[in-house]
Number of protein chains: 2
Amino acid sequence: MLEKNKISIDSSIENLISIHPLLSKSFTKSIRTKTNLNPGSLYVLGVLRRHDILSMSEIGCKLSMPKPHVTSLVDKLIAEDMVERLLDPKDRRIVNIRITEKGIDDFNAIKLEISQELRIRLEKLSAEKLDILAEASKQIKDILIEMELSYNGSSTCCK
Amino acid sequence: MLEKNKISIDSSIENLISIHPLLSKSFTKSIRTKTNLNPGSLYVLGVLRRHDILSMSEIGCKLSMPKPHVTSLVDKLIAEDMVERLLDPKDRRIVNIRITEKGIDDFNAIKLEISQELRIRLEKLSAEKLDILAEASKQIKDILIEMELSYNGSSTCCK
DNA sequence: AATAATACTTACAAAAATATAACTATTATT
DNA sequence: AATAATAGTTATATTTTTGTAAGTATTATT
């Protein structure tokens, strides 16, 4: 590991640790007040929006949630017809969860709702900063998703 | 509002909504397993690390926490000598909280602890991606902190 | 001077997340 | 065939967070 890379890693960690509670502030409260889903169920819906189909274990792994919690969150989403259970024909122990059309529509609507306050604050930024934010947020999202995938494949997750 | 800005805002929101649970996954679990602070207390410590002194109301505002919760989280930090109460000489209703030297040291140590897993994953990234991540995360942090401040000044917060 | 508003605390209830153990059904190993 | 391992569920307890109401001390308003 090069010295230059170490510096990049250190400052990335420093920045990401600061970003986390700031984003949390932006979204968690709106999820509670503006939707009838709890935050956990919405995160499950979000990860299914990205992957379409995941087993119960994979969901728990990707969101670092204990399995029993995943069960209860998925139960709520099923009650709302946002996701559905599919039995895996190759291994009948596995329960695959797929997001439904309604789930996709609802998720998009919820995203609009919970981002209203953030949108108001973003509208006050300069055009230049908005450009920077759009580009930087895309880069971080892509890298985190890439890491999520590689992490998932390792032995430390979904053991 | 220009059409170009709208597009930047929409895609920023889309990206930030995806980033949030991915970061949450990275940190929340390590906070529980590797520290004896609950996540809330650590967020309070983090915001005090950035601002040095804040009143109880300001802390609650910046972290979108109900006041009674702030009281209990600050109590825990005081018990650990990480922060201290200061009476405001100009308005004796106000309780200002200041991070101590020990609080700063502890926070830095905790940051190292809770970022270990993330560090392992970051080390697998290419040098090019690490550069991008370091730069992008700094840009986002700066913009979110700038918004935090302006948000704080508006009438919608700390009412 | 009396009243209202503010900052904070205390007390309590409820929602959400976490952790653990026990259990069923299925698949893999021996 | 017997045993072990895996995927998921159920049940239960604990921690963390949220929300609300009431109360104290102080400051601002009238």
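Everything here concerns the structure above.
On to the protein's contact with DNA strand D, then. Among the 23 residues in the neighbourhood of DNA strand D, the closest are listed as Met-56, Ser-57 and Thr-71 of chain A together with Gly-40 and Arg-93 of chain B. Backbone atoms, meaning sugar and phosphate, form 75% of the atoms of DNA strand D found within 4 Å of the protein. At a separation of 3.0 Å, a base oxygen of DNA strand D approaches a polar side-chain atom of Arg-93 of chain A. Those elements that provide at least two residues to the surface near DNA strand D are helix H3 (56-62) and helix H4 (67-79) of chain A together with helix H2 (39-51) and helix H4 (67-79) of chain B. Partitioning the surface near DNA strand D into residue classes produces nine nonpolar, six polar and eight charged.

Residues and elements named next belong to chain B. Compared with the 18 Å implied by 1.5 Å per residue over 13 residues, the 19 Å span of H2 between its first and last C-alpha is a close match. Among the 13 residues in H2, ten count as buried, and that is most of the element. Within H2, burial applies to Pro-39, Gly-40, Ser-41, Leu-42, Tyr-43, Val-44, Leu-45, Gly-46, Val-47 and Leu-48. Downstream of H2 by one or two residues, Asp-52 has phi in the positive range, about 70°.

Residue and element names in this part refer to chain A. One non-glycine residue, Ser-64, adopts positive backbone phi at about 50°. For Ser-64, the location among the structural elements is in the loop between H3 and H4. Take Ser-64: its relative accessible area is 23%, and that puts it in the partly exposed class. Although it is not a glycine, Asp-81 sits at a positive phi angle of roughly 60°.

Here we take up the relation of the copies chain B and chain A. Relative to chain A, chain B is turned by 180° and slid 0.0 Å along the rotation axis, the superposed coordinates differing by an RMSD of 0.1 Å. On this basis, the relationship between the two copies can be described by a two-fold rotation axis. Closest approach to the rotation axis within chain B is made by the C-alpha atom of Ala-136 of chain B, at a distance of 2.3 Å. A high fraction, 100%, of the interface residues of chain B reappear at the interface in chain A, so the copies pair face to face through one surface.

Residues and elements named next belong to chain A. Across three bridges, the pairing between strand S1 (residues 53-55) and strand S3 (residues 95-99) is antiparallel. Across the sheet, Leu-54 pairs through a bridge with Ile-97, a residue of S3. Two strands pair when backbone bridges link them, and strand S2 (residues 83-87) and S3 are joined in this way by five bridges, in the antiparallel orientation. By the bridge assignment, Val-83 is partnered in S3 with Ile-99.

Further remarks concern the protein's contact with DNA strand C. Neighbouring residues of DNA strand C: 21 residues in total, closest Arg-93 of chain A together with Met-56, Ser-57, Thr-71 and Arg-93 of chain B. A breakdown of the atoms of DNA strand C within 4 Å of the protein gives sugar and phosphate a share of 74%. Gly-40 of chain A has a polar backbone atom sitting 3.0 Å from a phosphate oxygen of DNA strand C. Here a phosphate oxygen of DNA strand C sits 3.2 Å away from a polar atom, N or O, in the main chain of Met-56 of chain B. Elements represented by at least two residues in the surface near DNA strand C include exactly helix H2 (39-51) and H4 of chain A together with helix H3 (56-62) and H4 of chain B.

Bringing the interface of chain B and chain A into the picture now. With 60 residues of chain B at the contact, the number on the chain A side is 60 residues. Both sides of the chain B and chain A interface together cover about 6,500 Å² of buried area, and 69% of this is carbon and sulfur. One can count eight salt bridges joining chain B with chain A. A salt bridge links Lys-4 of chain B to Asp-131 of chain A, with the shortest nitrogen-to-oxygen separation between them at 2.9 Å. Viewed at the interface, chain A and chain B are joined by 19 residue pairs in polar contact (both at pLDDT 80 or more). Per element, the largest residue contribution to the side of chain B that touches chain A is 23 residues, and it comes from helix H1 (residues 3-34) of chain B. Classifying every residue of the side of chain B that touches chain A by side-chain character gives 29 nonpolar, 13 polar and 18 charged.

Calculation rules
- Residues numbered from 1 in each chain as written.
- Chains lettered and ligands numbered in written order.
- Predicted model: local features only at pLDDT ≥ 70, side-chain atom pairs only at ≥ 80, totals over all residues.
- Heavy atoms only, no water.
- Near = heavy atom within 4 Å.
- Polar contact = N/O pair within 3.5 Å; in protein donor to acceptor, adjacent residues only side chain to side chain.
- Helix = DSSP H or I, 4+ residues; strand = E, 2+ residues; numbered from the N terminus.
- Nonpolar A, V, L, I, M, F, W, Y, C, P; charged D, E, K, R; others polar.
- Expected span 1.5 Å × (residues − 1).
- Buried < 20%, exposed > 50% of the residue type's maximum accessible area, 1.4 Å probe, protein only.
- Least-squares fit on C-alpha atoms with pLDDT ≥ 70 in both.
- Contact = heavy atoms within 4.5 Å.
- Pairing = 2+ DSSP bridges.
- Buried area = accessible area lost by both parts, 1.4 Å probe.
- Salt bridge = Lys/Arg side-chain N within 4 Å of Asp/Glu carboxyl O.

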